Amino acid sequence: PDPSSTHGKMPSHQWPEAWASLQKTVVTLCLLCSTSLSPTRGQARIPLETVKLWADTFGRDLYDTVTKYSGSLLLQKKYKDVEPSLKIKEVDGLELVRKFSEDMETMLRRKVAAVQNLVEAAEEADLNHEFNESLVFNYYNSVLINEKDAGGAYVELGAEFVLEANAHFSNLLVNTSLSSAQLPTNVYNKDPDILNGIYMSEALNPVFVENFQRDPTLTWQYFGSSTGFFRIYPGIKWTPDENGVIAFDCRSRGWYIQAATSPKDIVIVMDTSGSMKGLRMAIAKHTVSTILDTLGENDFVNIISYNDYVHYIEPCFKGILVQADRDNREHFKQLVDKLMVKGVGVVGRALSEAFQILQQFQEAGQGSLCNQAIMLITDGAVEDHRPVLEKYNWPHRKVRLFTYLIGKEVSFADRLKWIACNNKGYYTQISTLADAQENVMEYLHVLSRPMVINHDHDITWTEAYMDSKAQSMALLTTVAMPVFSKKNETRSHGILLGVVGSDVALRELMKLAPQYKVSPDQAPRYPLTPSIPVFLARGARLCLFEYRSYLPRGS
């Protein structure tokens, strides 16, 4: 024991005495254990009365030592002093759980209200904003703020931005008076669409601050634009990776995708014929990987490759769709990387197979039971696809068909455009690796149009995930809502402006259900139990789910 420890009540000068007493007791115990064994040849048997005497002696010594140095007598005295004022109160478990749920629902409704305030402010700001092609506007760029050139002057878009450490935001340097705008490297920070969007979204700054003042438990609030910029409050400085690249794109985050689109069934049909060799195959693989990144837990997917034959890249998934969770997405990416090119591309059979999977799942009431789409990735199509489309998709066109022309050749562009346009889809050409991210995102806008036209402001809650912004082990869930254009001239077109969201730290929820109230016997041993019930409000309903912590018991 450490004599300087402050956890015990024993004065430090008594430690040697206590240690000597414990040693005596241990020696007695060892003698008792060693001499009470069955006698070997030539040894006398110890009388039972002697063993009992030893046991009594050991018991008294152990009791005296523990009583003297544990402070138990003092504890009993203190208990006796307050015993008259103590009473046993029976707790109604059902009422306790009901109270927890009501407190959690109240808290989460405040989060939803904050997001709704942002939606209203963003739509109103867009309604009052006139697009200006030649707009010049200096904003706080998260990467450039506080950066200076060789002459000591602030760089363009990098004005002085006060940052202070804030314990509520994991001690990150933040500005709780203003937001800042982050853009991925592949988005030009002075593009007219970007400048107009950032200028319009300046109206969110006072709403961010008001929300935080009204509810100090709020963490990050943000607006992810469909054009690619990400306005985050409180404002922070964003640091590029070791290669100077900002890879974060808000449009590929789960909260954005889930709020911007409805659940979907996707079959990716990938050309692996001989003409796809070299750079074309690299671009095609990157395109598939980017599509997978746009899928979430509510989506279902499979990937078919074709040349002379039709191949499921994962034979175990033949004829079915699987949930697009993280494990399945990563598994598909690994399999796509291993694909090789050979033979001649016969896309008709591959499309037929894709349509059949989607049709069977729809009829069986499986999958997302919502949007269905086929993603055709190829460098050209020479076949006549009309028979396949007439058989499986016309006249109702329940399955959207998106076509991605790989490479710089345009000789097949008209045919692929025709396929997409006649099946409620979208055509795009991807000539370089850098084109993939921006062009793949277009399909999300198409799938979101029905929801946008109907102005369905559905509230979306994500599954729990680790906080990447704070670089901590904090578990978060995000509440998000889509933002639509309300202008009369674009209302019928279904234009999605972006998604607003706010993070909710699960530790804030757990404060409303203290461990000592839920399970007193486990509180000292399991500071964070492996399975914790958490209540989330989805609209007017209250849903109970369990999130699994990543901490082992006793950690």
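What you see is a predicted model, and the numbers here were worked out from it, not measured in a lab.

A. Region of the structure containing helix H5 (residues 192–201). Burial analysis of H5 places seven of its ten residues in the buried class, which makes it a mostly covered element. Looking at H5, one finds that the buried residues are Ile194, Leu195, Asn196, Gly197, Ile198, Met200 and Ser201. The inward-facing, buried residues of H5 abut helix H4 (93–127), strand S3 (180–182), helix H6 (205–214), strand S4 (221–225) and strand S5 (230–233). The backbone nitrogen of aspartate 193 has a side-chain oxygen 2.8 Å away, supplied by the residue at the start of H5, namely aspartate 191.

B. Spatial organisation of the packing of aromatic side chains. The final tally for this structure, using the stated rule, is 19 aromatic pairs. An angle of 50° between the planes, with centres 5.8 Å apart, marks the rings of phenylalanine 169 and phenylalanine 212 as tilted. Remark: phenylalanine 212 occurs in helix H6 and phenylalanine 169 occurs in the loop between strand S1 (164–166) and strand S2 (172–175); sequence separation between them is 43 residues. Considered together, phenylalanine 169 and phenylalanine 212 belong to a single accessibility category, that of buried residues. With a centroid separation of 6.1 Å and an interplanar angle of 40°, the aromatic rings of phenylalanine 230 and tryptophan 255 are classed as tilted. Residue phenylalanine 230 is located in strand S5, and its partner tryptophan 255 is located in helix H7 (residues 254–260); the two are separated by 25 residues in the primary sequence.

C. Spotlight on the pattern of salt bridges. Tallied over the entire structure, the rule returns 17 salt bridges. In this structure, the salt-bridge partner of glutamate 95 is arginine 98, at a minimum N-O distance of 2.7 Å. Linking glutamate 95 with arginine 98, this pair stays in helix H4, spanning three residues, or about one helical turn. On the accessibility criterion, glutamate 95 (41% relative accessible area) is partly exposed. The partner of aspartate 103 in a salt bridge is lysine 99, and the shortest N-O contact between them spans 2.7 Å. Remark: lysine 99 and aspartate 103 occur in helix H4; sequence separation between them is four residues, near one turn of the helix.

D. Molecular detail of the confidence of the model for the chain. Per-chain confidence: the chain averages 83 in pLDDT, with 82% of residues scoring 70 or above. Averaged over each element, pLDDT in the chain is lowest for strand S19 (residues 541–548) (35) and highest for S4 (97). pLDDT under 50 marks residues 1–10. Its contacts with residues more than four places away, or in other chains, come to seven contacts. Overall, residues 520–555 carries pLDDT values under 50, and its contacts beyond four positions in sequence, including any with other chains, amount to 67 contacts.

E. Inspection of the pairing of S2 at higher detail. Here three bridges tie S1 to S2, and the two strands are oriented antiparallel to one another. Bridged to glutamate 164 within S2 is valine 174. Connecting S1 to the next strand, S2, in antiparallel fashion are five residues, including serine 170 with a positive phi near 55°. Judged from the two bridges that link them, S2 and strand S6 (residues 235–236) form a sheet pairing that is antiparallel. In the strand pairing of S6, asparagine 175 is matched with glycine 235.

F. Seen up close, the nonpolar core. Counting 66 residues, the largest nonpolar core has Tyr139, Ile198, Phe230, Trp255 and Val500 as its most contacted members. Residue contacts for tryptophan 255: discarding those within four places in its chain leaves Tyr222, Gly224, Phe230, Cys250, Thr462, Thr478, Ala480 and Val499.

G. Local environment of the packing of helix H8 (residues 279–293) against helix H9 (residues 326–337). Put simply, H8 and H9 touch, their axes get as near as 10 Å, and they point 175° apart. Looking at the two axes, H8 sits roughly antiparallel to H9. Contacts between H8 and H9 pair Lys285, Val288, Ser289, Leu292 and Asp293 from the former with Arg329, Phe332, Lys333, Val336 and Asp337 from the latter. Tallied by class, the residues present in the contact of H8 with H9 amount to four nonpolar, one polar and five charged.

H. Geometry of the sheet that holds S1. Sheet architecture is open: three strands sit in the order S1-S2-S6, paired in antiparallel fashion. Two strands close off the open sheet at either side, each with one partner strand: S1 and S6.

I. Spatial organisation of helix H14 (residues 442–453). Between its terminal C-alpha atoms H14 stretches 17 Å, which fits the 16 Å expected from twelve residues at 1.5 Å a residue. For H14, the full list of buried residues reads Tyr443, Leu444, Val446, Leu447, Ser448, Met451 and Val452. After H14 finishes, the residue histidine 455 shows a positive phi value of roughly 55°.

The rules we used
Residues numbered from 1 in each chain as written. Predicted model: local features only at pLDDT ≥ 70, side-chain atom pairs only at ≥ 80, totals over all residues. Heavy atoms only, no water. Buried < 20%, exposed > 50% of the residue type's maximum accessible area, 1.4 Å probe, protein only. Helix = DSSP H or I, 4+ residues; strand = E, 2+ residues; numbered from the N terminus. Contact = heavy atoms within 4.5 Å. Polar contact = N/O pair within 3.5 Å; in protein donor to acceptor, adjacent residues only side chain to side chain. Phe/Tyr/Trp six-rings, centres within 6.5 Å; stacked < 30°, edge-to-face > 60°. Salt bridge = Lys/Arg side-chain N within 4 Å of Asp/Glu carboxyl O. pLDDT = per-residue confidence, 0-100. Pairing = 2+ DSSP bridges. Core = buried A, V, L, I, M, F, W, Y, C linked by side-chain atoms within 4.5 Å. Axes fitted to C-alpha atoms, helices over the stretch in contact; angles between N-to-C directions. Parallel < 35°, antiparallel > 145°, perpendicular 65-115°, else oblique. Nonpolar A, V, L, I, M, F, W, Y, C, P; charged D, E, K, R; others polar. Expected span 1.5 Å × (residues − 1).

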